Amino acid sequence: MTESVYRTAEIKDAEAGYGFGRQLLSETNLMLLYPDERAKSVDDMRVVIQRFQEMPRHFLINAWAGALCVGEALCMGGQFERNKHAGRVGVGILASHYGQGVGKGLMRAIERVAKANGIIRLDLTVMEHNERAHHLYLSMGYKEEGVNQHSLFVDDKWVNEIMMAKLLDDTS
């Protein structure tokens, strides 16, 4: 097992990020997007990375096993005065790297960068049947805040999502 390296995505990572996204979405239906809804080319991926670099309190972090991108976590921070302290998180990991600590590493990296950017609340949703991710988030201190009923329609059936959040400022 190779130790993963976690770092903010750079424009030079567009090709690897594009390949990662295509593979991830072809091997799981647990992500929000279908394969044709993500970057459609390396150039599109460059634009995505550039936008994350330009927008305040938005960041994209990749997990690397050598030259292979094996995971991705993103945070989209609030854009207004009243919600700029909060960020919405999304995480994806290649199946070949499940159980190797990549999810925990990505979540730690997101939390570290969030704090450095003035974000003190992170929230996310996880499909109700995604027990692996749900367990990861609970183990990282995220708390359940409710269930979004029928929030997604996946493979011709309704899916509920569990809403979860974590306060990073230790004042809860």
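Just so you know, the residues in each chain are numbered from 1, in the order the chain's sequence is written. In keeping with the model being predicted, local features are shown solely for residues with a pLDDT of at least 70 and side-chain atom pairs are shown and tallied solely at 80 or more, while totals for entire chains, interfaces and linings include all residues. The side-chain numbers reported here are obtained from all heavy atoms of the structure, hydrogens and water having been left aside.

Would you mind showing me how to read the overall build of the protein here?
What counts as a helix is a DSSP run of H or I of at least four residues, what counts as a strand is a run of E of at least two, and both are numbered from the N terminus. A tally of helices and strands in the protein yields four helices and seven strands. Tracing the protein from N to C terminus, the helices and strands come up as β-α-α-β-β-β-α-β-α-β-β. We compute the radius of gyration from the C-alpha atoms alone; for a globule the expected value is 2.2 Å times N to the 0.38, where N is the number of residues. For 172 residues, the compact-globule estimate of 2.2 N^0.38 gives 16 Å, and the protein sits close to it at 16 Å. Along the three orthogonal principal directions, the C-alpha set of the protein runs to about 40 × 40 × 35 Å. Only protein chains enter the area calculation, which uses a 1.4 Å probe; residues under 20% of their type maximum are buried, those over 50% are exposed, and those in between are partly exposed. Expressed as a percentage of its 172 residues, the buried residues of the protein come to 41%.

When you look at the sheet that holds strand β3 (residues 68–77) in this model, what are you seeing that I'm missing?
Pairing between sheet strands relies on hydrogen bonds along the backbone, with the strands arranged either parallel or antiparallel. Any two strands with at least two DSSP bridges between them are considered paired. Taken in spatial order, the seven strands line up as β1-β2-β3-β4-β5-β7-β6 in an open sheet, and their pairing is mixed. Among the strands making up the open sheet, the edge pair consists of β1 (5–8) and β6 (143–154). Averaged over neighbouring strand pairs, the angle between their axes works out to 25° when direction is ignored. One ladder, built from seven bridges, connects β3 with strand β4 (residues 86–93); its direction is antiparallel. Of the residues in β4, the one forming a bridge with Ala73 is Val91. Note on contacts: a residue pair is in contact if any heavy atoms of the two residues lie within 4.5 Å. Structural elements are reduced to axes, namely lines fitted to C-alpha atoms, with helices fitted over the stretch in contact, and the angle between N-to-C directions of any two is expressed from 0 to 180 degrees. Across the sheet, helix α1 (residues 14–27) is in contact with β2 (58–65), β3 and β4; its angle to β3 comes to roughly 90°.

What am I meant to see in the side chain of Asn160 here?
With respect to the element layout, Asn160 can be found in strand β7 (residues 157–167). Only 3.4 Å separates the side chain of Asn160 from the side chain of Gln149, close enough to count as a polar contact. When near neighbours in sequence (up to four residues on either side) are disregarded, Asn160 contacts Val126, Met127, Glu128, Val147, Asn148, Gln149, His150 and Ser151. Identification of polar contacts relies on pairs of N or O atoms within 3.5 Å, with a donor-acceptor requirement for protein atoms, meaning one able to donate a hydrogen and the other able to accept it, and with residues adjacent in sequence counted only if both atoms are side-chain atoms.

Would you mind showing me how to read helix α3 (residues 102–116) here?
Structurally, the α-helix is built with 3.6 residues per turn, so residues lying three or four positions apart point the same way. Helix length check: α3 (15 residues) gives 21 Å between terminal C-alpha atoms against 21 Å at 1.5 Å per residue, within 8%. Directly after α3, the chain includes Gly118, whose backbone phi takes a positive value near 75°. Take the number of residues in a helix, subtract one, and multiply by 1.5 Å to get its expected span.

I would appreciate a short explanation of the pairing of β3 in the present structure.
Counting buried positions along β3 gives seven out of ten residues, so the element sits mostly inside the fold. Note that β2 and β3 share eight bridges and pair antiparallel. Bridge pairing in β3 places Ala63 opposite Gly71. Remark: two residues form the turn of the hairpin made by β2 and β3, two consecutive strands paired antiparallel; Gly66 in that turn has positive phi of roughly 65°.

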